[in-house]
Amino acid sequence: MAIRLGDVAPDFTAETTAGTIKFHEWLGDSWGILFSHPKDFTPVCTTELGAVAKITNEFKKRNVKVLAVSVDPLDSHKGWVNDINETQNCSVSYPIIADPDRTVANLYDMIHPNALDNMTVRSVFVIGPDKKVKLTLTYPASTGRNFDEILRVVDSLQLTAKHQVATPANWKDGEDCIIVPAVKDEEIPSKFPKGHRAVKPYLRFTPQPNK
Ligand code: BEZ
């Protein structure tokens, strides 16, 4: 069954390039990103894994642990990581799950047979410290993901988990936020001491509270 926002992310134990991982235990108190790749030694996947390796520090800064999954076996992953490091000029330090029996792929409904036979599509799951799914994305094999966008949504998810704000279209960290409708006008001065502007009664902006 499809995984929905707010569901507990299914737990699993898997072999990875960094040894055996028990998913929930490995996540600990961190945020997590689980993302799938259709196949080892394929061009788009190679660029994606390299792109993630290059922004490892950005994930660390945000207390996010990154875990990739591909249905190929461990030996294949290890050879592929050498290629990724060579061709993308990076050092892949995050684990990649070997999922030849498709345990994780099936648990997360990552195989969409009408799109791609017997391989995963490009799924992304962002998981909160409460182990609940906060965001899902699904891309086809032909389209590499934008990992700056994934950092951007992590910024929004982490901000909106702590403050009564939402983030507008194309928002970036540091920009004004929207005060959620549940906050009454009279509560705004105490909750948002940096000030606010009301464009409409339902459209109220405030400077980003945690900056
Ligand atoms: C790729 O990563 O380039 C790819 C993987 C599977 C199917 C098509 C493309």
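Under an unreviewed UniProt entry, the protein has the name Peroxiredoxin and belongs to Candidatus Nitronereus thalassa.

Caption draft 1: Structural detail: the overall build of the protein. Looking only at helices and strands, the protein has 7 helices and 11 strands in total. Considered along the principal axes of its C-alpha atoms, the protein spans approximately 60 × 35 × 35 Å. Going through the 211 residues of the protein one by one, you find that 45% of them count as buried. Restricting to contacts in the protein with at least 6 residues of sequence separation, those with at least 24 account for 65%.

Caption draft 2: Inspection of helix α6 (residues 147-162) at higher detail. Taking 1.5 Å of rise per residue, the 16 residues of α6 would be expected to cover 22 Å, and the 23 Å separating its terminal C-alpha atoms lies within 8% of that figure. All of the buried residues along α6 are F147, I150, L151, V153, V154, D155, S156, L157 and L159. Two or three places before D148, at the opening of α6, N146 has a side-chain oxygen 3.0 Å from that residue's backbone nitrogen.

Caption draft 3: Quick peek at the side chain of H37. Relative to the assigned elements, H37 resides in strand β3 (residues 31-37). Here H37 is in contact with C45, E48, L49, A68, V69, S70, V71, T120, V121, R122 and R145, once residues within four sequence places are set aside.

Caption draft 4: Quick peek at the layout of surface pockets. What the largest pocket holds in volume is close to 200 Å³. Together, W26, V52, T56, F59, K60, V64, K65, V66, S93, Y94 and P95 line the largest pocket. At the level of elements, α3 (56-61) and β4 (64-70) are the ones that each hand at least two residues to the lining of the largest pocket. By residue class, the composition of the lining of the largest pocket is 7 nonpolar, 2 polar and 2 charged. If you add up the space inside the second largest pocket, you get close to 170 Å³. Forming the walls of the second largest pocket are R62, D155, Q158, L159, K162, H163, W171, D173, Q208 and N210. Considered class by class, the residues forming the lining of the second largest pocket number 2 nonpolar, 4 polar and 4 charged.

Caption draft 5: Examining the packing of aromatic side chains more closely. For the coordinates displayed, the defined rule picks out 7 aromatic pairs. Measuring from ring centre to ring centre gives 6.1 Å for F35 and Y94, while their planes differ by 45°; the resulting arrangement is tilted. One end of the pair, F35, is in strand β3; the other, Y94, is in the loop between α4 (74-88) and β5 (96-98), with 59 residues separating them in the sequence. A relative accessible area of 7% places Y94 in the buried class. Summarising the aromatic geometry, the rings of F41 and W80 are spaced 6.5 Å apart at their centres and angled 45° between planes, so their arrangement reads as tilted. Of this pair, F41 sits in the loop between β3 and α2 (43-54) while W80 sits in helix α4, and the two are 39 residues apart along the sequence. Taken together, the ring pairs in this structure connect F12, F23, W26, Y108 and F125 into an aromatic cluster. Of note, K65 hangs over the ring of W26, and the distance from its end group to the ring centre comes to 5.3 Å.

Caption draft 6: Examining the pattern of salt bridges more closely. Applying the stated criterion across every chain, the model contains 11 salt bridges. The closest approach of N and O atoms between R145 and E48, which form a salt bridge, is 2.6 Å. Of the two residues, R145 is situated in the loop between β7 (133-139) and α6 and E48 in helix α2; the sequence distance between them amounts to 97 residues. R145 sits in the buried class, given a relative accessible area of 7%. Using a relative accessible area of 2% as the deciding quantity, one classes E48 as buried. The partner of K134 in a salt bridge is D130, with the nearest N and O atoms 2.9 Å apart.

Definitions and limits used
Residues numbered from 1 in each chain as written. Predicted model: local features only at pLDDT ≥ 70, side-chain atom pairs only at ≥ 80, totals over all residues. Heavy atoms only, no water. Helix = DSSP H or I, 4+ residues; strand = E, 2+ residues; numbered from the N terminus. Buried < 20%, exposed > 50% of the residue type's maximum accessible area, 1.4 Å probe, protein only. Contact = heavy atoms within 4.5 Å. Expected span 1.5 Å × (residues − 1). Polar contact = N/O pair within 3.5 Å; in protein donor to acceptor, adjacent residues only side chain to side chain. 1 Å grid on protein atoms, 1.4 Å probe; cavity = no way out; pocket = protein on both sides within 12 Å on 5 of 7 lines; lining within 4 Å. Points joined across faces, edges and corners; volume = space filled by probe spheres on them. Nonpolar A, V, L, I, M, F, W, Y, C, P; charged D, E, K, R; others polar. Phe/Tyr/Trp six-rings, centres within 6.5 Å; stacked < 30°, edge-to-face > 60°. Lys NZ or Arg CZ within 6 Å of the ring centre and 35° of its normal. Salt bridge = Lys/Arg side-chain N within 4 Å of Asp/Glu carboxyl O.

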